[in-house]
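Commentary on secondary and tertiary structure
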Amino acid sequence: EPEVTQTPSHQVTQMGQEVILRCVPISNHLYFYWYRQILGQKVEFLVSFYNNEISEKSEIFDDQFSVERPDGSNFTLKIRSTKLEDSAMYFCASLGGLPTDTQYFGPGTRLTVL
Amino acid sequence: QKEVEQDPGPLSVPEGAIVSLNCTYSNSAFQYFMWYRQYSRKGPELLMYTYSSGNKEDGRFTAQVDKSSKYISLFIRDSQPSDSATYLCAMRGTGGFKTIFGAGTRLFVKA
């Protein structure tokens, strides 16, 4: 069964450093998403990406964040200058087509900012 | 008022019990309703997916949506210890770009 994959599974970084989280969505899916989940809190939408551009973003997704689909298979989330409060699980999701399909999530990357 | 409300529990039941999990929401634009299961430090796993109002059954799981009351439910029959997890309700509108999640209900099924 096709699945969304994410690397690394765990990333530890120092405050102020840049990190790139990587995702490989399900092949032939068209819509891509990043969500985050701070420990003990709910899953929060960050950004959606379609047709090589951001289609919607949340208030959390400020100038420190960027997304890219560099090569037609990978989908990345970059955090330019990490803060302690960026520590969370980051989930990538993909969706085949609207309106009837739904999102399938990857296993997540646990980001720890020290 | 939060867009999606879900009691975080925890909910503890004996093996074999029927479990009822619920969410309420405020945004009438939501049309697609999902239930995800999440084990500790893992990604959400899709369990059930329904469009608009009605019931949907899949094995031991039944999802119900009542749009007039803005209320959705997930029933688990013959619950098993392996069902112990956090259950997340989630929903989105027809635009589909973002999904809004509830806080998740932690379920413990005791053997």
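A short tour of the structure in this document, coming up.

Here the focus is the overall build of chain B. Helix and strand counts for chain B come out as zero helices and 11 strands. The N-to-C order of helical and strand elements in chain B reads β-β-β-β-β-β-β-β-β-β-β. Against the globule reference of 13 Å for 111 residues, chain B gives a C-alpha radius of gyration of 13 Å, in line with a compact fold. Taken over the C-alpha atoms alone, chain B extends approximately 40 × 30 × 25 Å along its principal axes. For chain B, with 111 residues in total, the buried portion stands at 46%.

Quick look at the sheet that holds strand E8 (residues 75-79) of chain A now. Residues and elements named next belong to chain A. The strand order across the open sheet formed by four strands is E1-E3-E8-E7, and the pairing between neighbours is antiparallel. Sheet topology places strand E1 (5-7) and strand E7 (65-68) at the edges, where each strand pairs with a single neighbour. Between one strand axis and the next, the sheet turns through 20° on average, direction left out of account. Bridge analysis of E1 against strand E3 (residues 19-24) gives three bridges, and the strand direction is antiparallel. Bridge assignment links Thr-5 to a residue of E3, and that residue is Val-24.

Residue and element names in this part refer to chain A. Tracing the backbone shows Gln-6 in strand E1. Judged by its relative accessible area of 7%, Gln-6 is buried. A polar atom in the side chain of Gln-6 sits 2.9 Å from the backbone oxygen of Tyr-90. Looking at Gln-6, its side chain comes within polar contact range of the main-chain nitrogen of Gly-108, at 3.0 Å. Gln-6 has contacts with Arg-22, Cys-23, Trp-34, Tyr-90, Phe-91, Cys-92, Gly-106, Pro-107, Gly-108 and Thr-109, leaving out every residue within four places of it along the chain.

Our next topic: the sheet that holds strand E1 (residues 4-5) of chain B. Reading across the sheet, the five strands line up as E1-E3-E8-E7-E6 (chain B) and stay open at both edges, with antiparallel pairing between neighbours. The open sheet terminates on both sides in strands that have one partner only, identified here as E1 and strand E6 (54-58) of chain B.

Looking at soluble globular proteins, one finds that nonpolar side chains tend to be buried together. Trp35(B), Ile72(B), Leu74(B), Ile76(B), Tyr87(B) and Met91(B) are the most contacted members of the largest nonpolar core, which has 25 residues in total. Only strand E3 (19-25), strand E4 (32-38), strand E5 (45-51), strand E7 (61-66), strand E8 (71-76), strand E9 (85-92) and strand E11 (105-110) of chain B provide two or more residues apiece to this core. Listed in part, the 21 residues of the second largest apolar core include Leu21(A), Ile26(A), Ile79(A) and Val113(A).

Take the state of the cysteines next. This structure, assessed with the given rule, holds two disulfides over all chains. Residue pairing for Cys23(A): its cysteine sulfur links by disulfide to Cys92(A), the two sulfurs lying 1.9 Å apart. Here Cys23(A) and Cys92(A) share a disulfide; its torsion about the S-S bond, -60°, makes the bridge left-handed. With Cys23(A) in strand E3 and Cys92(A) in strand E9 (residues 88-95), this residue pair connects regions lying 69 residues apart in the sequence. Residue classification places Cys23(A) among the buried residues on the basis of a relative accessible area of 0%. A sulfur-sulfur distance of 2.0 Å marks the disulfide that ties Cys23(B) to Cys89(B). Disulfide Cys23(B) to Cys89(B): torsion about the S-S bond roughly -100°, handedness left-handed. Linking Cys23(B) in strand E3 with Cys89(B) in strand E9, this pair joins segments that are 66 residues apart in sequence. Cys89(B) gets classed as buried once you look at its relative accessible area, which sits at 0%.

What counts, and at which threshold
Residues numbered from 1 in each chain as written. Chains lettered and ligands numbered in written order. Predicted model: local features only at pLDDT ≥ 70, side-chain atom pairs only at ≥ 80, totals over all residues. Heavy atoms only, no water. Helix = DSSP H or I, 4+ residues; strand = E, 2+ residues; numbered from the N terminus. Rg over C-alpha atoms; globule rule 2.2 N^0.38 Å. Buried < 20%, exposed > 50% of the residue type's maximum accessible area, 1.4 Å probe, protein only. Pairing = 2+ DSSP bridges. Axes fitted to C-alpha atoms, helices over the stretch in contact; angles between N-to-C directions. Polar contact = N/O pair within 3.5 Å; in protein donor to acceptor, adjacent residues only side chain to side chain. Contact = heavy atoms within 4.5 Å. Core = buried A, V, L, I, M, F, W, Y, C linked by side-chain atoms within 4.5 Å. Disulfide = S-S within 2.5 Å.

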